[in-house]
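# Summary of structural features
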Amino acid sequence: MRCPLEAKISLVEGLADSLFEDNSSIDDIVQRFGRVSPAPKLGVGDFPHLRRDAAIITDYLVASAAQNTPGCNVLLHGEPGLGKTEFARAVAQAAGLTLYEVPTTTRAGVPLKASMRLRAFKACQRLLAGRESVAVLFDDCDDALAATPMIAVESGDDDGTGSAGSKAWINELLESNTVPCVWVANDLGWVDSAHLRRFDYPLFFRSVPPVVRRRIAEAHMGGLDLPHAVFERVVANEHNTPAAIAKAARVAGRTDAKAVAVENVLRQTSLLLGGQPAGGRRNGIVPFDLSLLNANRDLVALRDGLIARPSASLCFYGPPGTGKTAFARHLAESMGREVMVRRASSILGSYVGETERSIAAMFMEAAEMDAVLVLDEADSFLGDRRGAHQQWEVTQVNELLTQMEAFEGVFIATTNLKSNLDPASMRRFALKLRFDPLAPGQRERLFDATLAALGGEGEAARFADALRQLDALTPGDFEAVAQRLHLLGEPVDGERLYRELVDEVSEKGGTTRPVGFTARL
């Protein structure tokens, strides 16, 4: 005899026992099938890259909860550890809803099978029906949504009648729930598209931008008193997920060597998951200072304009080491976004059409990540089409220009060879920004800053006349020299730093007019 769906609730583990126990309220029974979610450590404001999504989801949950609208389902999906569960809790808090989580284990700690979790969800829905200001969280729902009658029968969870785990049953579940639900998944590869189409608002999670990593790190590591350099390395590494940061903080909080513990846990976690070792991009020895870039436009005004209106195509050009890429990274960090740097050499393909596909994929990835896209060596793509000898040379330029026009974010092309760029291509950039070697006053300030970073004391005034002769000196030269002197580990004074700078400029063919020591004593 076929068993009706309503009867399946009687099979939920623990329900029968709870009915015979002394329960002071319906909440005591609900707690068996939907435990109250812990308060989030972060608020929706700590997810600025998802602010539009958070506002829409919050409003939708509030309205659906008030009206008992059936079939209100939000899906948060993406790689593990990106803060999906924390975001769900933060949104529920912003909506003023009490969030009940579908359990993963029984009260005795026994893991619940996928079909049993679905039945617990059904029970939770029935018990909460009609109540105001409540919502349900179904975390790690991948296995449950991917269940099929065959899996259920083989595991002994189903009697073959098409109950929990069947496609139609899950579809009905997603259409009839009167209590709003936020579903969280890591891998939807095995989930039937018929289920996926029933989610009202699917939101895909990618790696979090630096500003969010900073807030997460502050929330979890604020009491560890970490050295500034260690904390900044945690924030700078895009492979440090919110979950990994929380785990590193938990371990470090129970050890004496907190800084070492944080970096070791993050490094080993990244290696375990096949990512990049913790630490990210190598930190410079000389601190970044926007006022030490010599550009033909007001960089502060440009930065503030992009924060307010984050959509533009820009061209940064000038000699190597003048700070083009460093400024692009600064813009991205100021905007609270990741920076995605791609070099032409990594995009150029060997086969016809391969490069064009790589260009399109690059822009698509940047759009999905809401990242600032930086194309280094852009002259390799945007060369003058009038000198093209092959059709594919023209199609590559056309593809890049087409993608630039359609891209709604911030795109920055950098080049050392502006004269080689296609004139028609240059007209597509809203702003062409020229970066020059350091001005005399900037050389003196950066001289003292570099010396201080290496443990010396300011002596720029003694070398003012000598530094004026180094016309081709760039921020990159100071960083290269600082890295070299740091590697040697020898004491550094003003004279040693100046000599190294002279050698650095000479090696690249720059002007070093008087070669002798000309410090003003």
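Residues numbered from 1 in each chain as written. Predicted model: local features only at pLDDT ≥ 70, side-chain atom pairs only at ≥ 80, totals over all residues. Heavy atoms only, no water.

A few words now on the overall build of the protein. A tally of helices and strands in the protein yields 23 helices and 12 strands. Residues counted as buried form 47% of the 521 residues belonging to the protein. Put simply, 77% of the contacts in the protein that link residues at least 6 apart link residues at least 24 apart. As displayed, the protein has an accessible area near 24,800 Å², and 52% of this comes from carbon and sulfur atoms. (Helix = DSSP H or I, 4+ residues; strand = E, 2+ residues; numbered from the N terminus. Buried < 20%, exposed > 50% of the residue type's maximum accessible area, 1.4 Å probe, protein only. Contact = heavy atoms within 4.5 Å. Areas by Shrake-Rupley, 256 points an atom, 1.4 Å probe, with all protein chains shown as cover.)

A few words now on unusual backbone geometry. Located in the positive-phi region is Asn 68, a residue other than glycine, with phi close to 55 degrees. Mapped onto the fold, Asn 68 is located in the loop between helix H3 (51–67) and strand S2 (73–78). The class for Asn 68 is partly exposed, based on a relative accessible area of 32%. You will see that Asp 225, though not glycine, has its phi angle at about 55 degrees, which is positive. Note that Asp 225 resides in the loop between helix H10 (210–221) and helix H11 (228–236). Judged by relative accessible area, Asp 225 falls into the exposed class, the value being 71%.

Position of Thr 105 relative to the elements: it lies in the loop between strand S3 (98–101) and helix H5 (114–128). Look at Thr 105 and you get partly exposed, because its relative accessible area is 23%. Through-space distance from the C-alpha of Thr 105 to that of Met 116 is 9.8 Å; in sequence the pair is 11 residues apart. When sequence neighbours within four positions are dropped, the list of residues in contact with Thr 105 reads Arg 35, Val 110, Pro 111 and Leu 112.

As a further point, take the sheet that holds S3. The strands making up a sheet associate through backbone hydrogen bonding, with each pair oriented either parallel or antiparallel. Spatial strand order, S1-S3-S4-S5-S2-S6: six strands in an open sheet with mixed pairing. Single-partner strands in this sheet number two, and they are strand S1 (35–36) and strand S6 (201–205). Pairing of S1 with S3, which is carried by two bridges, proceeds in the antiparallel orientation. Bridging across to S3, Val 36 finds its partner in Tyr 100. In this fold helix H4 (residues 84–94) packs onto S2, S3, strand S4 (134–138), strand S5 (181–185) and S6, with an angle of close to 150 degrees to the strand it touches most, S2. (Pairing = 2+ DSSP bridges. Axes fitted to C-alpha atoms, helices over the stretch in contact; angles between N-to-C directions.)

A few words on H11. Restricting attention to buried positions, one finds in H11 the residues Val 230, Phe 231, Val 234 and Val 235. The buried residues of H11 occupy an angular sector of 140 degrees when the element is viewed end-on, so they sit on one face. Residues of H11 that are buried sit in contact with H10, helix H12 (242–252) and helix H13 (258–272). (Arc of directions from axis to C-beta.)

This part is about the packing of H5 against helix H8 (residues 167–176). In a pair of packed helices, the angle between the axes and the distance between the axes together describe the arrangement. Here H5 crosses H8 at 30 degrees, and the two axes come no closer than 12 Å. Judged on the interaxial angle alone, H8 and H5 are roughly parallel. For the crossing formed where H5 meets H8, the hand is left-handed. Across the interface between the two elements, Leu 118, Arg 119, Phe 121 and Lys 122 from H5 touch Trp 169, Ile 170, Glu 172, Leu 173 and Ser 176 from H8. Looking at side-chain class alone, the contact of H5 with H8 contains five nonpolar, one polar and three charged residues. (Parallel < 35°, antiparallel > 145°, perpendicular 65-115°, else oblique. Left-handed = near helix turned anticlockwise from the far one by under 90°. Nonpolar A, V, L, I, M, F, W, Y, C, P; charged D, E, K, R; others polar.)

In this section: the confidence of the model for the protein. Interpreting fine coordinate detail is not advised for predicted regions of low pLDDT. Here the protein averages 82 in pLDDT, while 83% of its residues score no lower than 70. Within the model, pLDDT remains below 50 along residues 149–165, and this stretch shows 29 contacts once partners closer than five positions in the same chain are excluded. Here residues 513–521 scores under 50 on pLDDT; set against residues more than four positions off or in separate chains, the count is 22 contacts. (pLDDT = per-residue confidence, 0-100.)

Before going further, it helps to examine the nonpolar core. Counting residues in hydrophobic clusters, the biggest one holds 43 residues, and the most contacted among them are Leu 61, Leu 76, Phe 87, Met 221 and Val 262. A total of five residues in this core trace back to one element, the largest contributor, which is H12. Each of domain 1 (5–205) and domain 2 (210–273) gives at least three residues to this core. Leave out the neighbours within four places in its chain, and Met 221 touches Leu 226, Val 234, Ile 245, Ala 248, Ala 249 and Val 262. (Core = buried A, V, L, I, M, F, W, Y, C linked by side-chain atoms within 4.5 Å. Domains from an automatic or database assignment.)

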